[in-house]
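Okay, here's what each chain looks like letter by letter:
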Amino acid sequence: MRASEISGTLVFHSEFDDYATWRDALHAQLPRLDIRHASEIGDPAEVRYALAWKPPAGFFDRMVNLRLIINLGAGVDSLVGRQDLPAGIPITRITDPNMARMMAGYVLFATLRYARDIPSFEQAQKKGVWAYRHPRSPEDIRVAVLGLGELGAYAAQELRRQGLTVLGWSRSPRRIEGIQCRSGMDTLDTVLSQADIVVLMLPLTPQTRGLMSRARLQRLPRGAALINVARGALVDQAAMTELLGSGHLGGATLDVFEREPLPADDPLWRMENVLITPHLASVAIPSSAAKQIAENIARVDQGQAPLNVIDPARGY
Ligand code: NDP
């Protein structure tokens, strides 16, 4: 059956993404699909497909005919390990080159800001001081990218294109041209000790939660910068804050936090060497992602396995 002939009910849930835009993008691919917002779900037993970002607890209860869960994003940590997931239903993530490009844009911006010493010029400008600082050669600046998946590998290559020395780290061995790749826990301390800038691009799993402990943060050379675009809980936030205060960490660009929104009284807000953005380094883009969602719905409809399935046991 062609995608244009597929019927059935899809339920949408996200507090961050615009329903009408997603509905229209999906309708363009799947005109016969019955798309409902979670607030007007009707009988959950009618739902065959769920497109959801951080659905509330119990969301999947009574969806007895569910055949596919599409995570409206790349990180699936808020989906795996839930009690209400129907057994055996595949979970897919969005794997969208436009999403990877948007993320790489953020990572490039944040990394180059440090590589070109922009924070020191921002401070000097506040004081009206012409503070010349000779630019460093990009190859003398070592950037470690932890996590070389869809988003991490793309960002690492963009950084490499800027002439920076890029070190990559992942769970299993990876080969990426021009990037010094290492894998496994026993190499992490070495990678950290060689990084002037470290970019976190790991999924949040039982293995990676708290990975950037105080001891690991202290492995970084004094004055190193941390960029976290992955998940706040990868880092011991209290230790990070202290090390930013002591100058062991020279600066941090943080898009994600242990608690979001970051509470108004959190000291990070007021630190001069910290740049905060409210979890938007990259987002799923309806116009480019709708096609792969439609393709997966068509595959499931035809009894085939969907693409970009995550492994709940692995956590990503
Ligand atoms: P992928 O699942 O494609 O890749 C994950 C990478 O992390 C892989 O290289 C994997 O290794 C590595 N990894 C996983 N576990 C470990 C471990 N225990 N030790 C070492 N390496 C590990 O993820 P994406 O690149 O698509 O996305 C990364 C994360 O970015 C997402 O999980 C999400 O949390 C976050 N994100 C944040 C957004 C934002 O706006 N701030 C937007 C989108 C995503 P291997 O190659 O061996 O599998």
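Relevant structure appears above.
All of the points below concern the structure found in this document. Bear in mind the structure is a predicted one, so any value in this text is a computation, not a measurement.

**Section: the site of the ligand**
Thinking step 1. As a structural note, the neighbourhood of the ligand is formed by 31 residues, with Arg93, Leu148, Leu151, Ser172 and Tyr316 the closest of them.
Thinking step 2. In the model, an oxygen atom of the ligand is placed 2.4 Å from a nitrogen or oxygen of the Ser172 side chain.
Thinking step 3. At 3.0 Å from an oxygen atom of the ligand is found a main-chain nitrogen or oxygen belonging to Ser282.
Thinking step 4. For the ligand, the accessible surface in isolation is 940 Å², of which the surrounding protein chains cover 92%.
Thinking step 5. When residues of the shell around the ligand are traced back to their parent elements, those giving at least two are helix H2 (97–115), helix H4 (150–161) and strand E7 (165–170).
Thinking step 6. Top element by residues in the shell around the ligand is H4. It accounts for three residues.
Thinking step 7. Its residues assigned to classes, the shell around the ligand comprises 15 nonpolar, ten polar and six charged.
Thinking step 8. Both domains that furnish three or more residues to the shell around the ligand are identified here as domain 1 (3–96 + 284–301) and domain 2 (98–276).

**Regarding the sheet that holds strand E2 (residues 34–37)**
Two strands in a sheet stick together by hydrogen bonds in their backbones, pointing the same way (parallel) or opposite ways (antiparallel).
Thinking step 1. One open sheet holds the five strands; their spatial order is E2-E1-E3-E4-E5, and the pairing between them is parallel. Either end of the sheet is taken by a strand with one partner, and the two such strands are E2 and strand E5 (91–92).
Thinking step 2. Sheet topology places strand E3 (residues 47–52) next to strand E4 (residues 68–71); four bridges connect them, and they run parallel. Pairing of Leu51 across the sheet is with Ile70, part of E4.
Thinking step 3. Across the sheet, helix H1 (residues 19–29) lies against strand E1 (9–13), E2 and E3, angled at about 170° from E2, the strand it touches most.

**Section: the sheet that holds strand E9 (residues 197–200)**
Thinking step 1. Across the sheet, seven strands lie side by side as E8-E7-E6-E9-E10-E11-E12; this open sheet has parallel pairing. Of all the strands in the sheet, just strand E8 (180–183) and strand E12 (274–276) have a single pairing partner and so form its edges. The sheet shows a mean angle of 15° between the axes of neighbouring strands, direction not considered.
Thinking step 2. Where strand E10 (residues 224–228) meets strand E11 (residues 249–254), five bridges bridge the pair, whose relative direction is parallel. Across the sheet, residue Ala224 finds its bridge partner in E11, namely Leu249.
Thinking step 3. Here H2 sits on the sheet and contacts strand E6 (142–146), E9, E10, E11 and E12; the angle it forms with E11, its principal contact strand, is near 160°.

Thresholds applied
- Residues numbered from 1 in each chain as written.
- Predicted model: local features only at pLDDT ≥ 70, side-chain atom pairs only at ≥ 80, totals over all residues.
- Heavy atoms only, no water.
- Near = heavy atom within 4 Å.
- Polar contact = N/O pair within 3.5 Å; in protein donor to acceptor, adjacent residues only side chain to side chain.
- Areas by Shrake-Rupley, 256 points an atom, 1.4 Å probe, with all protein chains shown as cover.
- Helix = DSSP H or I, 4+ residues; strand = E, 2+ residues; numbered from the N terminus.
- Nonpolar A, V, L, I, M, F, W, Y, C, P; charged D, E, K, R; others polar.
- Domains from an automatic or database assignment.
- Pairing = 2+ DSSP bridges.
- Contact = heavy atoms within 4.5 Å.
- Axes fitted to C-alpha atoms, helices over the stretch in contact; angles between N-to-C directions.

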